[in-house]
Amino acid sequence: MATLDVNVARVESHSPLWVDRGLLEKLPSLIQSARYSSIVVVADTGAVKARDRVCTALGIPHSRVLSVQGGEAQKNTEGLMRLWEFFVEQNLDRRSLVITVGGGATSDLVGFAAATYMRGIAFINIPTTLLAQVDASIGGKAGINFHGVKNLLGSIAQPAGIVIDIDTLETLPERELRSGFAEIVKHGLIADRDYFDTVTSKRCTAWSADEMVALVHRSCEIKKRVVESDEREQGPRKTLNFGHSIGHAVESFSLAHGPSLTHGEAISIGMYGEAYISHRIGKISAADLSTIDQGLRAAGLPTRLPTPIPTAELRSLISRDKKNVGGHVKWSLLDRIGSAVFDIVVPEELIVEVLSAIQPGAQSL
Ligand SMILES: NC(=O)c1ccc[n+]([C@@H]2O[C@H](COP(=O)([O-])OP(=O)(O)OC[C@H]3O[C@@H](n4cnc5c(N)ncnc54)[C@H](O)[C@@H]3O)[C@@H](O)[C@H]2O)c1
Ligand SMILES: [Zn+2]
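Residues numbered from 1 in each chain as written. Chains lettered and ligands numbered in written order. Predicted model: local features only at pLDDT ≥ 70, side-chain atom pairs only at ≥ 80, totals over all residues.

**Some words on the overall build of the protein chain**
The cut-off we apply is this: A run of H or I in DSSP becomes a helix once it reaches four residues, and a run of E becomes a strand once it reaches two; helices and strands are each numbered from the N terminus. Residues are scored as being in contact if the C-beta atoms we place from backbone atoms lie within 7 Å.
The secondary structure content of the protein chain amounts to 13 helices and eleven strands. The dimensions of the protein chain, computed from C-alpha atoms along their principal axes, are 60 × 40 × 40 Å. A separation threshold of at least 6 residues defines the contact pool for the protein chain, and within that pool the share at least 24 residues apart is 75%.

This is the structure:
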């Protein structure tokens, strides 16, 4: 079993992280359940099998389990109220533990509820989508959507533990697996050239569960290292946003107008676009850009839009990104494959150019 510790500056923020198969049955010893005055489980409706394994392992009765609909629809104030009410009904106190089982939307919602209930009670993430395993469950960010803006309200509080059982991915639809894999490729691009070469060596659906243990572990290690160096995203944590300035714009447009793209599909197109910018400002070579384009495709990820999106629409969505400060888009870009830089300002003409370069059928440079 592979283990990691996520240590951010604050002393109380020590989050052990475990990655393996068959881990849920070992929960009682991993999380030292006797330390808590009571334990409740909040489970994603998409992760029923994992929920049942968790409850059996810890002897948690149905009365202490709340099911929440997986996905974005629950990440709002109503969803949050329901959780706070459940915590009150269950008489949770400052020594209680909330276990979250599910995808990133569920861990975002439940993490925020736990971080705010009694000014913060312990929670443990058991992520059951690949995206949640390599990204959303690590780093302590949680939140809900508000006024049509994604993750507008939120908290940063580190989980008391992160338990990643790769077997939970068995039931995950292929498209969701691909979505999480885009973040894995991102980790290679921003932090580890060899890892990028490995994860783009075959289609992302071709990895066995045992091989996935190693990949997820490496990705967690990369994300953990970045988060530890900068919990509140003042500096290096911004490199994790590589691909996301364009990616979020593409994702927002596709959600509003279709055809819908997963987060990972949008981010994959965004990574190609932002690698293109990295090349055009002289940070990476044309050969590197082509390696990235081909690598993403070899993993089964898109690098161009499936249907055209007007560049003006994308440009205006990029301007509205939450990451902008004082009206400026600050880009996280590559300075080589395996290393990223942040807070880069890009000329306006180049932003317009790249938005053409990601249109369907656009040729690489
Ligand atoms: N907090 C962070 O740092 C952070 C980072 C990245 C993403 N996020 C958030 O994560 C969310 C996306 O996460 P996601 O991709 O996991 O999506 P998700 O949580 O919406 O889950 C996707 C779907 O998979 C289902 N599901 C979950 N586990 C399953 C399983 N084992 N088998 C079958 N189906 C399963 C869910 O019910 C849902 O329908 C977004 O809301 C995003 O904002 C947060
Ligand atoms: Zn992402």
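Now, onward.
**Remarks on the environment of A275**
The line we're drawing: Counts of 20 or more other C-beta atoms within 10 Å of a residue's own C-beta define buried residues, counts of 12 or fewer define exposed ones, and intermediate counts define partly exposed ones; C-beta atoms are placed from the backbone.
With respect to the helices and strands, the residue A275 is situated in helix α10 (residues 263-280). Classification of A275 as buried rests on a count of 28 C-beta atoms within 10 Å. A275 sits 59 residues away from L334 along the chain, and the two C-alpha atoms are 6.5 Å apart. Not counting residues within four places of it along the chain, the set of residues in contact with A275 comprises I284, L289, I292 and L334.

**Regarding the domain arrangement of the protein chain**
Keep this limit in mind: Start and end positions for the domains come from either an automated domain assignment or a database one.
When cut into domains, the protein chain gives domain 1 (2-171) and domain 2 (176-357). The C-alpha centroid of domain 2 is placed 26 Å from the C-alpha centroid of domain 1. Taken together, the contact between domain 1 and domain 2 spans 24 residues of the former and 23 residues of the latter. Going through the elements one at a time, β1 (2-7), β2 (14-20) and α5 (130-136) are the ones with two or more residues in the side of domain 1 that touches domain 2.

**With respect to the site of ligand 1**
Rule in force here: Whether a residue is near a molecule or strand depends on its C-beta atom, generated from backbone atoms, being within 6 Å of that molecule or strand. Asp, Glu, Lys and Arg are counted as charged, while Ala, Val, Leu, Ile, Met, Phe, Trp, Tyr, Cys and Pro are counted as nonpolar; the rest, among them Gly, fall into the polar class.
Lining the immediate environment of ligand 1, one finds 31 residues, of which G46, G70, G103, G104 and T129 sit closest. Where the shell around ligand 1 is concerned, the elements lending two or more residues are α4 (104-116), α5, β7 (141-146) and α6 (174-191). Of the residues contributing to the shell around ligand 1, the split by class is eight nonpolar, 16 polar and seven charged.

**Regarding the pairing of strand β8 (residues 149-156)**
Applicable threshold: Each pair of strands is called paired provided DSSP finds at least two bridges between the two strands.
Summarising the sheet, β7 and β8 pair through five bridges and their orientation is antiparallel. Paired with I144 across the two strands is L153, which belongs to β8. Between β7 and β8, which pair antiparallel and follow one another directly, the connecting turn spans two residues, one of which, H147, has a positive phi of 55°.

**Examining the pairing of strand β5 (residues 97-102)**
Cut-off, in case you're wondering: Looking down the strands as they point away from you, a crossover is right-handed if its path from the first strand over the helix to the second goes clockwise.
Where burial is concerned, most of β5 is hidden: six out of the six residues are buried. Going residue by residue along β5, you find L97, I99 and V101 tucked away on one face and V98, T100 and G102 tucked away on the opposite face as well. Here strand β3 (residues 39-44) pairs with β5 via five bridges, running parallel. Considered in β5, the bridge of V40 is made with V98. Relative to strand β6 (residues 122-127), β5 runs parallel, the two sharing six bridges. Bridging from a neighbouring strand, L97 pairs with A122 of β6. With respect to chirality, the unit in which β5 leads through α4 into the neighbouring parallel β6 is right-handed.

**Things to note about the environment of I277**
Position of I277 among the secondary structure elements: in helix α10. Judged by C-beta crowding, with 24 C-beta atoms within 10 Å, I277 ranks as buried. Between the C-alpha atom of I277 and that of P347, which follows or precedes it by 70 residues, the distance is 9.9 Å.

**Details of unusual backbone geometry**
Here the amide bond leading from G258 into P259 is cis, since omega sits at -15°, within 30 degrees of zero. Mapped onto the fold, P259 is located in the loop between α9 (244-257) and α10. Here M118, not a glycine, exhibits a phi torsion of approximately 50°, which is positive. Here M118 lies in the loop between α4 and β6.

**Notes on the environment of V65**
If you trace the backbone, V65 turns up in strand β4 (residues 65-68). Through-space distance from the C-alpha of V65 to that of V98 is 9.9 Å; in sequence the pair is 33 residues apart.

**Regarding the packing of α6 against α10**
Put simply, the rule reads: To define axes, lines are fitted to C-alpha atoms, for helices over the stretch in contact only, and angles between the resulting N-to-C directions are given on a 0 to 180 degree scale. Left-handed describes a crossing whose near helix is turned anticlockwise from the far helix through less than a right angle; right-handed describes the clockwise counterpart.
With their axes 7 Å apart at the nearest point, α6 and α10 run at an angle of 35° to one another. Handedness of the α6/α10 crossing: left-handed. Of the residues in α10, those touching α6 at R178, S179, G180, F181, A182, E183, K186 and L189 are H263, G264, E265, I267, S268 and M271. When the residues that make up the contact of α6 with α10 are grouped by side-chain class, the tally is five nonpolar, five polar and four charged.

**Remarks on helix α11 (residues 286-298)**
Rule in force here: One less than the number of residues in a helix, times 1.5 Å, gives the span that helix is expected to have.
Relative to the 18 Å expected for 13 residues at 1.5 Å per residue, α11 spans 18 Å between its end C-alpha atoms, a close match to the ideal helical length. Summarising the contacts, the buried residues of α11 are in contact with α6, α7 (193-199) and α10. G300 occupies a position one or two residues after α11 and carries a positive phi of about 95°.

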